[in-house]
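Each chain, written out:
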Amino acid sequence: MIALLTRDLKLAVRAGGGFGLGLAFFLILVALVAFGVGPESALLARIAPGILWVGALLACLLSLDRIFALDREDGSLDLLATAPLPMEGIVTVKALAHWITTGLPLVVAAPLLALMLSLPGEGYLWLFLSLLLGTPALSVLGTFGAALTVGLKRGGLLMSLIVLPLYVPTLIFGAEVARRGAGGLSVEVPLLLLAGITCATLALLPFASAAVLRVNLR
Amino acid sequence: MKSIWEYANPKKFIETSQALLPWVTGLTVVCMVVGLVWGFFFTPDDYRQGSTVKIIYLHVPAALMAINGWFMMLLASLIWLIRRHHVSALAARAAAPIGAVMTIIALATGAIWGQPMWGTWWVWDPRLTSFLILFLFYLGYIALWAAVEDDDTAADLTSILCIVGSVFAVLSRYAVHFWNQGLHQGASVMRAGALAGDTEERVSNVFAAPLFLSMAGFVLFFVALVLLRTQTEIRARRMRALMARERRG
Amino acid sequence: MEMKVTDLAVARGGVPLLAGVSFTLAPGRALILRGPNGSGKTTLLRALAGLQPPLAGEMSFDREAVAYGGHADGLKAQMTVTENLTFWAAVHGLREIDPALTAFDLEGLRDRLAGTLSAGQKRRLGLARLMVTGRPLWLLDEPTVSLDTASVGLFAEAVRGHLARGGMAVIATHIELGLPEAEVLDVGPLKAVLPAAQLDDFDEAFL
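Quick summary incoming for the structure in this document. The model shown is predicted, which means the values in this text are computed figures rather than measured ones.

1. Quick look at the interface of chain A and chain B
Between chain A and chain B, the contact holds 29 residues from the first and 25 residues from the second. Salt-bridge contacts for A:R218 lead to B:D156; the nearest nitrogen and oxygen are separated by 2.8 Å. Counting across the interface, chain A meets chain B through two residue pairs in polar contact (both at pLDDT 80 or more). Those elements giving two or more residues to the side of chain A that touches chain B turn out to be α7 (123-148), α8 (156-166), α9 (168-182) and α10 (188-217) of chain A. The biggest single contributor to the side of chain A that touches chain B is α10(A), with 11 residues. Of the residues in the side of chain A that touches chain B, the class split is 22 nonpolar, two polar and five charged.

This is how it looks when you write it as structure tokens:
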């Protein structure tokens, strides 16, 4: 399992863009929203938590189809399936690798981008925490979508259509934490709900992902 | 007693549903015509909402079937995963577009109703938003069926998606309620005392009888369409199997 | 461990391809699968490897014993030869990769990126992977594609060594591998016979 994780991370670094592309996309998205909405900082500050959450979500989505597609093309997936690793373990490691290469950089970068959107001072900690808690769920859900569409020739768009509705609860609670935090309100309830969703997703969804991956390997 | 699973044989299913279909269709027409005509022309206008309230005879039954359609797909998916009856998977496939259209009807009639009542076509109300999300789930499900070539693979994948989607649809519903408390009135039909009471927020008994009739009509309509479409799916599947056999020689 | 397969039937895309496949393979023995293109050799191997469920029949052998080698080699172009092999060894809980490198004459290429190898060299690396799995039963699908004569010799030598250590191999191939001691199973005559198509009568398999 650790070998698989280190291999995936190594590949992400060597293939280029593993870490960088998602971040660059995040930056561009934030800039584009600012262009679209106008430079008025009071307005930007108000919508900053939402923009950053939606941005993080889309940046996550961008690299999902690579999770299994490359391994499927070169036959590694067949070989991994016959290796002594449980399929549930494989999809969990894949999700973890995706989170480290995509989710974690976004979490770290989000406060910087929040600065550009003049997020109020109280909001940074909660924005950071909500993303830290929420992005693992995004990766795990995305892995499910990727496993579901791995056998399809042009699965990217279909995968977005399937994965994005699954992101709704995480997005709502995550953005709510950030928004309430920025407004100086109590964040306890949405934060707990967000944590609950992430934990439940991490615990249960790998079984579904493994099941669909097995079906797709047939 | 014969096992219910006997009807899971495609041939048996087609025979049985052929025999049932005229009856179901006839009952559908009766219920819908009587329910809708009664509702539209022979009930008084609501004193506050005027005649706009009459769209309830379309809106509520469509919303009912939008949710129950998904529920039926969930059951059919579970049956496919557990007992591997092809008819079950094909019935789920057949139900999806019907459910999606019901969702559109519920959303559209809701918008038409909402315009005079709330002064806007669309609000980000929890119920409306939940239905929008449900519609997205329907779309993803239908698209996945269409995209996967092998029928059994598609059935497996969509079944698992249906289960995961059900969980997340329910989660989304609660999340959306948390996110925004809405304008929409509460569920008014089944609430205790709805039949007896004539409080303005509830559906009073003048409206109840035609509403239940048109709800029954929509349920039967759904059943008839699912039977018909499942037959079509079975024949299409059979055709693909024969073509695959042909290609193999 | 003995490998015993009884009355196996396999299907691809819902259409039955082979039926009644039965064989027994003792440790130290190899089985060559022969048959025309599209006869179902790949499907049979995938079923044996546990990648897809068979239609019918029984397989009695340890699934954890299988090392599968398909059409694709499972190599990462951005990693070196050593890294690729070390990864697969680690996945199977092993470390030693030098015997595999030696057996397939890859020592000179140790630090080359797999993406820069020629097709034949890649194939050799893919076959070397089998040796680092430490598993006794090799299931190989057309292992000699893009190998030159000398490399086919290396491969036959490696298989022979594997058998000598008590291993087993099931190999689908069209060419002569130079393994005269191996048993041969021609899957051509095992083609699944479908019931005559009747327009109105069909079962749950829609055939």
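2. Re the pairing of strand β3 (residues 30-34) of chain C
Residue and element names in this part refer to chain C. With respect to burial, β3 is a largely interior element, four of its five residues being buried. Of the strand pairs in this sheet, β3 and strand β7 (residues 168-172) are connected by four bridges, and their pairing is parallel. Across the sheet, the residue bridging to L31 is V170, located in β7.

3. A look at the packing of aromatic side chains
Residues and elements named next belong to chain B. Evaluation of the coordinates by the stated rule reveals eight aromatic pairs over all chains. Ring plane angle 65° and centroid distance 6.1 Å describe the contact between W70 and Y141, whose orientation is recorded as edge-to-face. Of this pair, W70 sits in helix α2 (residues 56-83) while Y141 sits in helix α4 (residues 126-147), and the two are 71 residues apart along the sequence. According to the relative accessible area criterion, W70 is buried, its value standing at 6%. Given the relative accessible area of 0%, Y141 is considered buried. Ring centres of W124 and W179 lie 6.3 Å apart, and the angle between their planes is 85°; on these two criteria the pair is classed as edge-to-face. A residue pair is termed long-range when its members are at least 10 positions apart, and W124 in the loop between α3 (86-118) and α4 and W179 in helix α5 (residues 151-179) qualify at 55 residues.

4. What to know about unusual backbone geometry
Among all residues save glycine, negative phi is the norm, and among peptide bonds the norm is trans. In this structure, B:R84 is a non-glycine residue whose phi angle is positive, near 55°. Looking at where B:R84 falls in the secondary structure, it is placed in the loop between α2 and α3. You can call B:R84 partly exposed: its relative accessible area is 36%. Although it is not a glycine, C:D105 adopts a positive phi angle of roughly 55°. Relative to the helices and strands, C:D105 is located in the loop between α3 (98-103) and α4 (119-133).

5. Some points on helix α6 (residues 87-116) of chain A
End to end, α6(A) covers 42 Å across 30 residues, agreeing with the expected 44 Å (1.5 Å per residue, within 8%). The largest bend along α6(A) reaches roughly 40° and is located at A:W99.

6. Here we look at the pairing of strand β6 (residues 137-141) of chain C
Residue and element names in this part refer to chain C. Burial runs high along β6: five of the five residues are buried. Residues L137, L139 and D141 line one face of β6 and the alternating positions W138 and L140 line the opposite face, and both faces are buried. Sheet topology places strand β5 (residues 66-69) next to β6; four bridges connect them, and they run parallel. Its bridge partner being in β6, Y68 is matched across the sheet by L139. Summarising the sheet, β6 and β7 pair through five bridges and their orientation is parallel. Each residue of the ladder has a partner; that of L140, found in β7, is I171. Handedness of the crossover is the feature at issue here: the chain leaves β6, passes through helix α5 (residues 149-164), returns alongside β7, and the resulting connection is right-handed.

The rules we used
- Residues numbered from 1 in each chain as written.
- Chains lettered and ligands numbered in written order.
- Predicted model: local features only at pLDDT ≥ 70, side-chain atom pairs only at ≥ 80, totals over all residues.
- Heavy atoms only, no water.
- Contact = heavy atoms within 4.5 Å.
- Salt bridge = Lys/Arg side-chain N within 4 Å of Asp/Glu carboxyl O.
- Polar contact = N/O pair within 3.5 Å; in protein donor to acceptor, adjacent residues only side chain to side chain.
- Helix = DSSP H or I, 4+ residues; strand = E, 2+ residues; numbered from the N terminus.
- Nonpolar A, V, L, I, M, F, W, Y, C, P; charged D, E, K, R; others polar.
- Buried < 20%, exposed > 50% of the residue type's maximum accessible area, 1.4 Å probe, protein only.
- Pairing = 2+ DSSP bridges.
- Phe/Tyr/Trp six-rings, centres within 6.5 Å; stacked < 30°, edge-to-face > 60°.
- Expected span 1.5 Å × (residues − 1).
- Bend = angle between axes of the 7 residues up to and from the residue.
- Right-handed = clockwise from strand over helix to strand, strands pointing away.

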